[in-house]
Amino acid sequence: PDATTSSSTELVARRDRVLARVQQHYYARPPRIERGWRQHLIDTSGRVYLDMVNNVAVLGHSHPGVTASAARQFGLLNTNSRFSYAGIVDYAERIVALLPEPLDTVLLVNSGSEAVDLALRIVRTATGRKDTICLAGGYHGWTTATDEISTSLNDNPSSRDTRPPWIHLVPMPNQFRGAHRGPDAADRYAEAVRAIVDGLPDGPAAFVAEPISGNAGGVELPAGYLAQVYETVRAAGGLTISDEVQIGYGRTGDAFWGFELHGVVPDVVTMAKAAGNGHPIGFVVTRRELAERFSSEGAFFSSVGGSPVSSAVGIAVLDAIRDEDLQGNARRVGAHLGARLAELASRHRLIGTVHGRGLYQGIELVRDPETLEPATAEATAICERLRELGVIEHATGDHSNVLKVKPPLCITVESVDFFVDRLDQVLTEGW
Ligand code: PMP
C-alpha cells in the first residue's frame, strides 16, 4: 500500500520497520496527522485536534504567507550561501533590528542544535577555553557538543552522570521543587555558579541557559538570577549564551526575547524552531568582534543555512509575527490562560503549580502538595485521555509530570477555553 492509503496501524508497522525507534516516540497509538491549520491538527478521518504543544509552528500550521514565500522562492532560486543575493542580507538585517546593541552579526544554520553547537564553538574560540557551565535539566540539542550540555532526564535519564570534565552543571533554579524556594532563591542559586567559577583556575568559556527552562517544564528563573550569573561569569573572562530556541520570538508575550525579561544582554543568542515555522532555520547572533575571531580562527560553512528559500521563509515569519501582532496575542491570550489555569489549580489537588508565562506554561502534577511526589503516570494517562477528547498534549520535566502548554501563537481565547474545559473534565473524571 502507498503512504496515502495504508491504515494508521499499517503505517505505524511500516514506520517501526524503517525508522529508528528514537525518531518518533509519542503515543502508543498515534493519530495519523496529514494536515494542519492554524492551532489545529487534522487526522485522516477528518478529526480535528487542538495543538497545545507545537512551538515550532509559531504562526500556526500551513500559514499562507510562509507557503507563498517559500513556493515563490523555490521557483526562482535556491542555492547555497556562497553566492550573493539580497534575501540573506535582508533577513540578517531584520534579525539584527530585533536585538539590542552590541548584538549585530548573524550566522545562519538549519536547526537549534546547530545554532547552539556553533555558539559553543564561537565562545570557546574567543576565550581559548572549553569549560562550560549549564543548568541541570536543560536541553540544547543532539549534536555531540550540545548533547554534552543537555541533561533533561526525560530525554536522557543517565545524562547527569556522564558529563565530560569540561561541563559543569549547576542546579536548575526551580522555586517550586528545587532546594531554594524562598525570596533568597536567586542569590542562593547564583552562589552555585560562583562556586564553580571560583574552582576553575583558567575561568569558564561560557554560561549557557534558556531564560525560561523548556524541558524542565517552563520553569522561570528567579528575578535577578541571570544578572548575577552573567556578572560572575564575565568577571572571570567568560561569555554568556542565551538559548532562545523555545522562548524567543514573542512567546512570553511580555518580551520578544526571553533574556529581555531578565534585563540582561547576552554575548551570544541562539534561535531556531519558530524562526522557520517548521522550515529548518537556525541562527546565532553575536557581536562583531566575537564573530571576527571565529571567522579567522574557526572553520564554518553551512550549505543551505540562510539559503534563498530559508531567508524568504524567515522574513515571511517575521512579517507575520509583526502584522498579526502575535506577541500581543501571546500576552493577551496567555494572561487569560494563566488566569483559567490558576482557577483550575484551586479546585484540583493534582495541580501542584503552573510554571511559565504568556503562551509558554507548564502544569506540574503532584500526588501530594507537601512531598511534591510527581504524578508521572497520571500525566501520561491525562495526555492519552485529552487526545481522545481532541487535544494534543505531552508531558515534560525531570519526572515527566509537567503538561506542556506552548501552542501556536495564533491560538484564540475560545481554543484556550476548550483546552482548559477538557482538562477540567479529565481531572474531574479521574483525579
Ligand atoms: N535548544 C532548545 C532550548 C531546544 O528546546 C531545542 C529543541 N527542543 C534545541 C535547542 C535543539 O533544536 P533542534 O531540535 O532544532 O535541533
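As the structure is a computational prediction, the values presented were derived from the model and not from experiment. (Residues numbered from 1 in each chain as written. Predicted model: local features only at pLDDT ≥ 70, side-chain atom pairs only at ≥ 80, totals over all residues.)

Looking at the nonpolar core
Here comes step 1: Among the nonpolar cores identified, the biggest contains 115 residues, and Leu59, Ala115, Ala119, Ile122, Val123, Phe283 and Val284 are the most heavily contacted of them.
Here comes step 2: Here this core spans two domains, and each of domain 1 (34–59 + 325–430) and domain 2 (64–323) adds at least three residues to it.
Here comes step 3: Residue contacts for isoleucine 122: discarding those within four places in its chain leaves Val268, Val284, Thr286, Leu290 and Phe294. (Core = buried A, V, L, I, M, F, W, Y, C linked by C-beta atoms within 7 Å. Buried ≥ 20, exposed ≤ 12 C-beta atoms within 10 Å, placed from the backbone. Domains from an automatic or database assignment. Contact = placed C-beta atoms within 7 Å.)

Quick word on the sheet that holds strand S16 (residues 395–396)
Strand pairing in a sheet takes place through backbone hydrogen bonds and is either antiparallel or parallel in direction.
Here comes step 1: Ordered in space as S13-S14-S17-S16, the four strands form an open sheet in which the pairing is antiparallel. Taken across any chain shown, the strands that pair with only one partner, and hence form the sheet edges, are strand S13 (351–357) and S16.
Here comes step 2: With four bridges connecting them, strand S14 (residues 360–365) and strand S17 (residues 402–405) associate as antiparallel partners. Residue pairing across strands places glutamate 364 opposite valine 402, the latter belonging to S17.
Here comes step 3: Contacts from helix H10 (residues 326–347) reach S13, S14 and S17, with the element oriented near 170° to S13. (Pairing = 2+ DSSP bridges. Helix = DSSP H or I, 4+ residues; strand = E, 2+ residues; numbered from the N terminus. Axes fitted to C-alpha atoms, helices over the stretch in contact; angles between N-to-C directions.)

Some thoughts on the environment of threonine 143
Here comes step 1: Counting through the fold element by element, threonine 143 comes out in the loop between strand S5 (132–135) and helix H5 (144–148).
Here comes step 2: In the structure, threonine 143 is positioned 172 residues away from isoleucine 315 in sequence and 27 Å away in space, judged by C-alpha atoms.
Here comes step 3: Leave out the neighbours within four places in its chain, and threonine 143 touches Ser113, Glu114 and Asp117.

Examining the site of the ligand
Here comes step 1: By nearness alone, 14 residues border the ligand, and Ser111, Gly112, Ser113, Gly141 and Val245 come closest of all.
Here comes step 2: Tallying contributions element by element places helix H4 (residues 112–127) first for the shell around the ligand, with three residues. (Near = placed C-beta within 6 Å.)

What about the domain arrangement of the protein chain?
One widely used convention gives an interface's size as the accessible area the parts lose upon coming together.
Here comes step 1: For the protein chain, the assigned domains are domain 1 (34–59 + 325–430) and domain 2 (64–323).
Here comes step 2: Relative to domain 2, the C-alpha centre of domain 1 lies at a distance of 25 Å.
Here comes step 3: Domain 1 puts 28 residues into the contact, and the matching count from domain 2 is 29 residues.
Here comes step 4: The residue makeup of the side of domain 1 that touches domain 2, split by class, is eleven nonpolar, 13 polar and four charged. (Nonpolar A, V, L, I, M, F, W, Y, C, P; charged D, E, K, R; others polar.)

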